[in-house]
Amino acid sequence: MGKRDAAISQQRQEAKEAAAAGRKAKRSQYLKRAEKYEKEYENAERTQVALRRQAKTDGNFYLEPQPKIALVVRIRGINRVSPKVRKILQLFRLRQIHNAVFVKLNAATLKMLKLVEPYVAYGYPNLKTVRELVYKRGFGKVKYGHKGLSSGNRIPLTDNEIIENELNSRGVENVICIEDVINQIYTCGPNFKEVTNFLWPFKLSSPRGGYRKKKRIHFNEGGTFGNHEDLINRFVRQMN
């Protein structure tokens, strides 16, 4: 082997070692972020428990904080859908039955949910539901292509590099791994909109054991559609 071949071989070896060192540093960074978020969730839960106990000790009622996000699941098809309802379902990206999305709650989205209520089941997801959906059903929308994939492809979130590259291209710099994605959704962080737009709508299965009574009956009357509040977690777990 000549000098030129030896130099090329050495350069390749050095590049391989540098890439391995970079991946190791990234993994360490991902782990630290996950540990930090876990502590934040635990502290927030402890604070809520302490406030509830304090209110009970004082003989008062504790007013729970208003939910910031909702998980919306489409449960009915396209028959007899009015144009306004169809448009709202398209804005929510709920184009197929059993599609699910996370929605930021404000005055506008609450009005929209009221209009499409007979076609959806929604409620307030907990951390476990958000995490299970992202890990099990999470797919990203590739905007600029990644590792041979063309733009617009739907790809599973198996590589943190995909998340970092895609969200960087959308102007989001501090979301670099899947735990960042979960944190932004669960806490309704400043990059909630970009993160949820990057995620493809979750494609769920039919609920195990079937729906309660009929889909056309409200949840409060023993049916399925409408606001499930915290019980949406149980419903979505049957579909995940």
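First things first, this report covers the structure right here in the doc.

Let us look at the packing of helix H4 (residues 127–137) against helix H8 (residues 232–239). Between H4 and H8, whose axes approach to 10 Å, the crossing angle comes to 20 degrees. As judged from the angle between their axes, H4 and H8 are roughly parallel. The way H4 lies across H8 gives a crossing that is left-handed. Contacts between H4 and H8 pair Lys128, Thr129, Glu132, Leu133 and Arg137 from the former with Asn233, Val236, Arg237 and Met239 from the latter. Of the residues belonging to the contact of H4 with H8, the class tally is 3 nonpolar, 2 polar and 4 charged.

Our next topic: the packing of aromatic side chains. One pass over the full model with this rule turns up 3 aromatic pairs. Here the aromatic rings of Tyr41 and Tyr186 are separated by 5.6 Å at their centres, their planes lie at 85 degrees, and the arrangement is edge-to-face. Of the two residues, Tyr41 is situated in helix H1 (residues 3–57) and Tyr186 in helix H6 (residues 178–186); the sequence distance between them amounts to 145 residues. Assessed through its relative accessible area of 10%, Tyr41 is described here as buried. The ring of Trp200 carries the charged tip of Lys141 above its face, separated from the ring centre by 5.9 Å. Directly above the aromatic system of Phe139 lies the positively charged group of Arg154, at a separation of 3.7 Å from the ring centroid.

Here the focus is the sheet that holds strand E7 (residues 226–229). Across the sheet, 5 strands lie side by side as E6-E2-E1-E3-E7; this open sheet has mixed pairing. Looking at strand neighbours, the two that pair on one side only are strand E6 (202–203) and E7, the edges of this open sheet. Examined bridge by bridge, strand E1 (residues 69–74) and strand E3 (residues 120–123) share 4 bridges and lie antiparallel to one another. Each bridged residue has a counterpart across the sheet, and for Arg74 the counterpart in E3 is Val120.

Cut-offs applied
- Residues numbered from 1 in each chain as written.
- Predicted model: local features only at pLDDT ≥ 70, side-chain atom pairs only at ≥ 80, totals over all residues.
- Heavy atoms only, no water.
- Axes fitted to C-alpha atoms, helices over the stretch in contact; angles between N-to-C directions.
- Helix = DSSP H or I, 4+ residues; strand = E, 2+ residues; numbered from the N terminus.
- Parallel < 35°, antiparallel > 145°, perpendicular 65-115°, else oblique.
- Left-handed = near helix turned anticlockwise from the far one by under 90°.
- Contact = heavy atoms within 4.5 Å.
- Nonpolar A, V, L, I, M, F, W, Y, C, P; charged D, E, K, R; others polar.
- Phe/Tyr/Trp six-rings, centres within 6.5 Å; stacked < 30°, edge-to-face > 60°.
- Buried < 20%, exposed > 50% of the residue type's maximum accessible area, 1.4 Å probe, protein only.
- Lys NZ or Arg CZ within 6 Å of the ring centre and 35° of its normal.
- Pairing = 2+ DSSP bridges.

Function-wise, these values are silent; they only describe arrangement.
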